[in-house]
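Chain by chain, the residues run as shown.
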Amino acid sequence: MAIEKALNQLPEGLQIEADPNAPIMEVEIEIEEDDDGVEVEIEAKEVTFEENLVSEIDQDELQKVADDVLDAIKTDLDSRKEWEKSYAEGIRLLGLKMEERTEPWDGACGVFHPILSEAVVRFQSETIISTFPASGPVKTQIIGKVTPDKTQAATRVQEDMNYQLTEKMPEYRSEHEKLLWSLPITGSAFKKVYFDPSLNRQVAMFVPAEDIIVPYGASDLQSSPRITHRMRKTENEIRKLMAQGFYADVDLPEPEEIRTEIEKRQNEETGVSAIKDERFTIYEVHCDYDMPGFEDTKDGHTTQIALPYVITMLSSGEILAIRRNYIEDDPFKQKRMHFVHYIYIPGYGFYGFGLIHLVGGFAESATSILRQLVDAGTLSNLPGGFKSKDLRVKGDDTPIAPGEWRDVDVTGMTIKDSIIPLPYKEPSATLFNLLNNIVEEGRRFASVADLKIADMSGQTPVGTTLAILERTLKVQSAVQARVHVAMRHEFKLLAGIVRDYTPPVYNYETEGGPLAKMSDYDMVEVIPVSDPNASTMAQRVVQYQAALQLAQGAPDIYDLPLLHRQMLEVLGIKDVQKIVPLEDDFKPQDPVSENMDILKSKPVKAFLYQDHEAHMTVHMNAVQDPKIMQLVGQSPNAQAIQAAMQNHIAEHLAFQYRIEIEKMLGVPLPPEDEPLPEDIEVELSRAVALASDKLLQKDQAESQQQQAQQQAQDPILQLQQAEFQLKQAEFEHKKAMDQAELALKAQAEQAKNERETKRIDTQAEIAGAQLAVKAADKQKDLALRAQEFEGKQLTEGVRLGLQGVANSRNKR
């Protein structure tokens, strides 16, 4: 487009071919004519991605863009007229300005019940304390694995961001408080985060809901096809931005005075009205647009897809700036977000519900009843009525003061008969009770009801108190959580701008260390210090009291220093790191300083890279020193000091053991807090088991060798060894003598045994012979008896034979 405009400036008949697909260029043409002809100088440079594109677009096309955008803005404004009307009517209920009523009479009560303004002020006060403490509203969270470098980077980023928000951006707190005032009223409020070239730094400005215009049907900022920010700037502010090149240099028309119903009502309530507003109304439109000359192309073809742009224009239609609203290297060309939406209560549409919508009816009813009660009291105290025309009171145009008497002229009747007061009643007790009920319901619904501490016993458990607080502050806690989420988005945008404009190296050193550098912001995430789970300080205190009660029952499983430190931080006490130091706050010390801290009952910590053998030597020497032992023994904290010393020595010993295992393995072990996969943990355990066996054998050999060396060098032990050797020699001599004596006794006993054996053998032989003789004699006797028996048998046989023969003879 720029090349075409430049070519149109050439003289007729002079033609130059140009590549239509060439990069966008800014072209300057200088034409000189002389007798020899025409000399043309063309200087071109490529337009950068961030530059204003107004000068690169044809004027007719530019006018079409302006008409399209203005029509879209008018449509968006028409779609929210009812919302603006209800918002404007609700502002009156805040009671910022007392009405001067003339109905039903001059001076009638015009006060407003403060139920709505009380809820707004309380929300603003509680939220600013929880979201913006004195130390700063930002803390950091490490992304991924926690390492010493990331921990130091997180500390630097936190200090740098808090420094930016409290010192470099002095308007941030006041802008945030304005947002916290507007948010509960309207239900929506916005922050605009951007880099301001006039201030040369990041800015987070509050934008009221009425100045953010979105199309009907938009559900959130991210998905909205168009976001319009209505701004008002003076002529000088616009010209400064023109001089800086941020706005195009255009002729400024007379400023148009555009006042919405909301602005008029706000001016009425605050008592401020402008006779003439000389500011220009500017629309900054963040939208998707198919910009002529800058169409989206893919593979050399136009896609006709609308791309994100920021179009800034006056209300009269003059376009001041057109800039791309996506990252240059983004292949998807997603729009960049510059706004953060704070929502009080999410509703049906884009804008949230505020207290005007939630308790506006309660506020209006309470105001009406309150005025009736006050007017009834006024009429009861200063009643009116009828009096006869014949009654004349001197000075009857002024009220009678207390204790004052006046003269009257009465003709024909008494004063009592001449005056008839109207029957005004005293303020109704029923109406007063109704007022209290309405106010109580409204305050309860708006979560500004006070906790009735008098109804609770001093022995009420902390859990019960916490439950009552949670029920009472349920709505408020949810709103605080939404504020926390919105602030997180805001800090993310701010951190991105700070990172982009932060030098890649530290620019200077501070007392506590260097400021953050660009790479530090890539390792951490910036989050608010507020707690989304506790909306008030009282709620957080009760929560920590409950935790402390639980810790008293099982102190061994709690990190009590951390718990106490967090409790002190909730209470807002400064320098808590000095009052309750944590292990992460400790710095490496020499062993003598560690001994001094232990003797003074101060905590100490060992670090992996220290010389643990040297530290343990110094600590053991201190433990064995008789003077120290004597003085420590007289201290009432003797046991605690001894336990602290032993624990610290054990800590060094544990680190030393880890180092020795790593030497045996030949590789460093994973960090202590690093989770390991199951297979790696199993393999590591097996390797460590082998290394521990080798270390045990090595330590045992060294111990034996050391003992041998100590024994060889100890003179007392040498004397004891000599004495032992003498005793051993005496024992061996005595043993030899005893053995010789035993041998002689054994020989004598053996000879005696041999003689006894011979005697026994002889006696056995004699006894055997005697037994043989006796056996032979007995054998002979038996043989004789056998012969006698056989003779007897033979004789008996003969006799029986002879008898048989005789018997046979007789028979014959």
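### Observations concerning the overall build of the chain
Okay, so step 1: Looking only at helices and strands, one finds 22 helices and 20 strands in the chain.
Okay, so step 2: Residue pairs at least 24 apart in sequence account for 65% of intrachain contacts in the chain once pairs closer than 6 positions are excluded.
Okay, so step 3: If you sum the accessible surface of the chain, you get close to 51800 Å²; carbon and sulfur atoms cover 54% of it.

### What to know about the nonpolar core
Okay, so step 1: If you look at the biggest cluster of nonpolar residues, it comprises 63 residues, and the most contacted ones within it are Leu-116, Met-161, Tyr-172, Tyr-342, Leu-355, Phe-491 and Leu-494.
Okay, so step 2: With nine residues, helix 13 (residues 474-500) is the largest single contributor of residues to this core.
Okay, so step 3: Setting aside chain neighbours within four positions, we find Leu-494 in contact with Met-161, Leu-165, Met-169, Tyr-172, Val-193, Gln-202, Val-203 and Ala-204.
Okay, so step 4: Formed by 37 residues, the second largest nonpolar core is a distinct cluster that contains Leu-62, Tyr-289, Leu-307 and Leu-320.

### Focus: the packing of helix 17 (residues 591-599) against helix 18 (residues 612-624)
Packed helix pairs are characterised by how far apart their axes lie and by the angle those axes make with each other.
Okay, so step 1: As a packed pair, helix 17 and helix 18 sit with axes 9 Å apart at the nearest point and diverge in direction by 40 degrees. Classified by the angle their axes make, helix 17 and helix 18 are oblique. Remark: the crossing between helix 17 and helix 18 carries right-handed chirality. Where helix 17 approaches helix 18, its residues Pro-591, Val-592, Glu-594 and Asn-595 are matched on the opposing element by His-615, Val-618, His-619 and Ala-622.
Okay, so step 2: Along the lines of polarity and charge, the residues of the contact of helix 17 with helix 18 split into four nonpolar, three polar and one charged.

### Structural notes on the sheet that holds strand 8 (residues 280-289)
Okay, so step 1: Strand order in this open sheet of five strands is 6-7-8-11-12, and the pairing throughout is antiparallel. Each edge of the open sheet is held by one strand with a lone partner, namely strand 6 (212-213) and strand 12 (319-324).
Okay, so step 2: Of the strand pairs in this sheet, strand 6 and strand 7 (residues 226-233) are connected by two bridges, and their pairing is antiparallel. Directly across from Ile-212, in strand 7, lies its bridge partner His-229.
Okay, so step 3: Relative to strand 8, helix 2 (residues 59-78) is tilted by about 100 degrees, and along the sheet it contacts strand 6, strand 7, strand 8, strand 11 (307-314) and strand 12.

### Considering unusual backbone geometry
Okay, so step 1: The phi torsion at Asn-200 lies on the positive side, around 60 degrees, for a residue other than glycine.
Okay, so step 2: Position of Asn-200 among the secondary structure elements: in the loop between strand 4 (188-196) and strand 5 (201-208).
Okay, so step 3: Residue class for Asn-200 comes out exposed when judged on its relative accessible area of 58%.
Okay, so step 4: Unlike most non-glycine residues, Lys-333 shows phi in positive territory, near 55 degrees.
Okay, so step 5: Note that Lys-333 resides in the loop between strand 12 and strand 13 (339-343).
Okay, so step 6: Judged by relative accessible area, Lys-333 falls into the partly exposed class, the value being 26%.

### Topic: the confidence of the model for the chain
Okay, so step 1: Predicted confidence across the chain gives a mean pLDDT of 81, with 81% of residues reaching 70 or more.
Okay, so step 2: For the chain, strand 19 (residues 513-514) is the element with the lowest average pLDDT, namely 46, and strand 13 is the one with the highest, namely 96.
Okay, so step 3: Under a pLDDT of 50 for its full length, residues 18-23 has, in the predicted model, three contacts with residues more than four places off or in other chains.
Okay, so step 4: Segment residues 510-514: pLDDT under 50, and five contacts once partners within four positions in sequence are set aside and those in other chains are kept.

### Details of empty space enclosed by the protein
Okay, so step 1: Enumeration over the complete set of coordinates arrives at three cavities of 30 Å³ or more.
Okay, so step 2: As a volume, the second largest cavity reaches approximately 40 Å³.
Okay, so step 3: Around the second largest cavity sit Pro-253, Glu-254, Pro-255, Glu-256, Phe-280, Thr-281, Leu-314, Ser-315 and Ser-316, which together line it.
Okay, so step 4: Taken together, the residues that form the lining of the second largest cavity break down as four nonpolar, three polar and two charged.

The rules we used
Residues numbered from 1 in each chain as written. Predicted model: local features only at pLDDT ≥ 70, side-chain atom pairs only at ≥ 80, totals over all residues. Heavy atoms only, no water. Helix = DSSP H or I, 4+ residues; strand = E, 2+ residues; numbered from the N terminus. Contact = heavy atoms within 4.5 Å. Areas by Shrake-Rupley, 256 points an atom, 1.4 Å probe, with all protein chains shown as cover. Core = buried A, V, L, I, M, F, W, Y, C linked by side-chain atoms within 4.5 Å. Buried < 20%, exposed > 50% of the residue type's maximum accessible area, 1.4 Å probe, protein only. Axes fitted to C-alpha atoms, helices over the stretch in contact; angles between N-to-C directions. Parallel < 35°, antiparallel > 145°, perpendicular 65-115°, else oblique. Left-handed = near helix turned anticlockwise from the far one by under 90°. Nonpolar A, V, L, I, M, F, W, Y, C, P; charged D, E, K, R; others polar. Pairing = 2+ DSSP bridges. pLDDT = per-residue confidence, 0-100. 1 Å grid on protein atoms, 1.4 Å probe; cavity = no way out; pocket = protein on both sides within 12 Å on 5 of 7 lines; lining within 4 Å. Points joined across faces, edges and corners; volume = space filled by probe spheres on them.

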